[in-house]
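Chain residues, written in single-letter form:
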Amino acid sequence: MKKLVLLLIALSLLSCSSDKKAVEEVVVEFRFAETTPAEGLTEYTFPQSKEKFYLHQEVVMSNKEIDNAMVDEWQGRSVVRLVLTAGGKEKFAQLTADNINRHMAILVNGKLVTAPRINAPITQGMALINGDFSKEEAKRIVEGINR
């Protein structure tokens with residue numbers, strides 16, 4: 001009986017850990033973007049608007065600067081709110097302060113989802129990814145970041 005109980009506990013623990021692995025990892029990349037083509041830049045087009053951006057190859061921030069993510073609402077749409085690590089907060093504050101009026105592209109799993117213009121330093125240690133997400137898609141992205 002004792003062996004049966006231990007076996008059931010072990011199976012329960014395995015099923016919990018396999019559920020965690022079932023969540024697909026989501027890769028987030030921040031890169032600078034230009035509105036005109038130039039050598040060494042990669043063209044990306046937003047499918048809905050056909051607006052084009054030309055991205056630098058260098059990833060200036062990624063998942064390693066993200067502490068956690070959550071689904072939020074902004075202007076009636078589902079967004080992904082990123083909470084940055086302490087190092088990410090400092091890095092993002094410096095990047096945004098040094099690059100006013102430039103575009104910062106955010107890619108999710110290699111897909112360009114937004115490329116806002118930096119209007120002011122962002123020092124709160126948070127960032128919003130406001131792509132054209134359904135609530136379910138935003139939830140999947142959050143789960144993949146937080147895994």
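Refer to the preceding data block for the structure.
Along each chain, numbering runs from 1 in the same order as the chain's sequence is written. A pLDDT threshold of at least 70 governs which residues receive local features in this predicted model, and a stricter bar of 80 or more applies before side-chain atom pairs are shown or counted, although totals over entire chains, interfaces and linings include all residues. Side-chain figures throughout are based on the complete set of non-hydrogen atoms in the structure, without hydrogens or water.

Undergrad: Kindly report on the overall build of the chain, identifying the contributing residues and their values.
TA: Numbering of helices and strands runs from the N terminus; a helix is a DSSP stretch of H or I covering at least four residues, while a strand is a stretch of E covering at least two. Along its length, the chain carries three helices and nine strands. Listing each helix as α and each strand as β along the chain from the N terminus yields α-β-β-β-β-β-β-α-β-β-β-α. Every one of the 147 residues in the chain was classed for burial, and the buried ones make up 35%. Contact criterion: two residues are considered in contact whenever any of their non-hydrogen atoms come within 4.5 Å of each other. Restricting to contacts in the chain with at least 6 residues of sequence separation, those with at least 24 account for 61%. Areas reported here follow the Shrake-Rupley algorithm with a probe of radius 1.4 Å; residue values treat only the protein chains shown as occluding. Looking at the chain as shown, the accessible area adds up to about 9,100 Å², and 54% of this sits on carbon and sulfur atoms. Between buried and exposed lies partly exposed: a residue is buried under 20% and exposed over 50% of the maximum accessible area for its type, with that area taken using a 1.4 Å probe on protein chains only.

Undergrad: An account of the environment of Leu-41 is needed here, citing residue identities and associated values.
TA: By the element assignment, Leu-41 lies in the loop between strand E1 (28-34) and strand E2 (42-45). Owing to a relative accessible area of 18%, Leu-41 belongs among the buried residues under this scheme. Spatially, the C-alpha atoms of Leu-41 and Phe-53 are 9.1 Å apart, while their sequence positions differ by 12 residues. Not counting residues up to four positions away in its chain, the partners in contact with Leu-41 are Glu-34, Thr-36, Tyr-54, Leu-55 and His-56.

Undergrad: Requested: an account of the layout of surface pockets, with residues and values cited.
TA: The volume enclosed by the largest pocket comes to roughly 790 Å³. Of the two site types, the cavity is a set of points on a 1 Å grid over the protein atoms alone where a 1.4 Å probe fits but cannot get out, and the pocket is an open set with protein on both sides within 12 Å along at least five of seven lines, each lined by residues with an atom within 4 Å of a point. Lining the largest pocket we find 35 residues, and of these Thr-114, Ala-115, Pro-116, Leu-128 and Asn-130 sit closest to its centre. Contributing elements (two or more residues each) for the lining of the largest pocket: strand E6 (77-84), helix H2 (86-98), strand E7 (103-108), strand E8 (111-114), strand E9 (126-133) and helix H3 (135-146). Counting residues per element, the lining of the largest pocket draws most heavily on E9, at seven residues. Grid points are joined across faces, edges and corners, and a volume is the space filled by probe spheres set on the points.

Undergrad: How would you sum up the pattern of salt bridges? Please name residues and give values.
TA: A pairing counts as a salt bridge when a side-chain nitrogen of Lys or Arg comes within 4 Å of a carboxyl oxygen of Asp or Glu. Inspection of every chain in the model, using the stated rule, returns six salt bridges. One salt bridge in this structure joins Glu-34 and Arg-102, with 2.9 Å as the shortest N-O distance. Of this pair, Glu-34 sits in strand E1 while Arg-102 is found in the loop between H2 and E7, placing the two residues 68 residues apart along the sequence. The partner of Asp-72 in a salt bridge is Arg-81, and the shortest N-O contact between them spans 2.7 Å. Judged by its relative accessible area of 23%, Asp-72 falls in the partly exposed class.

Undergrad: Give a detailed account of H3, specifying residues and quantitative values.
TA: With 12 residues, H3 should cover 16 Å at 1.5 Å per step; its first-to-last C-alpha distance of 16 Å lies within 8% of that length. Taken as a whole, H3 has its buried residues at Ala-138, Ile-141, Val-142, Gly-144 and Ile-145. Down the axis of H3, the smallest arc covering the buried residues is 165°, so these residues share one side. Those residues of H3 that are buried lie in contact with E1, strand E5 (66-74), E6, E7 and E9. To estimate the expected span of a helix, subtract one from its residue number and multiply by 1.5 Å. The directions considered for the arc are those from the helix axis to the C-beta atoms.

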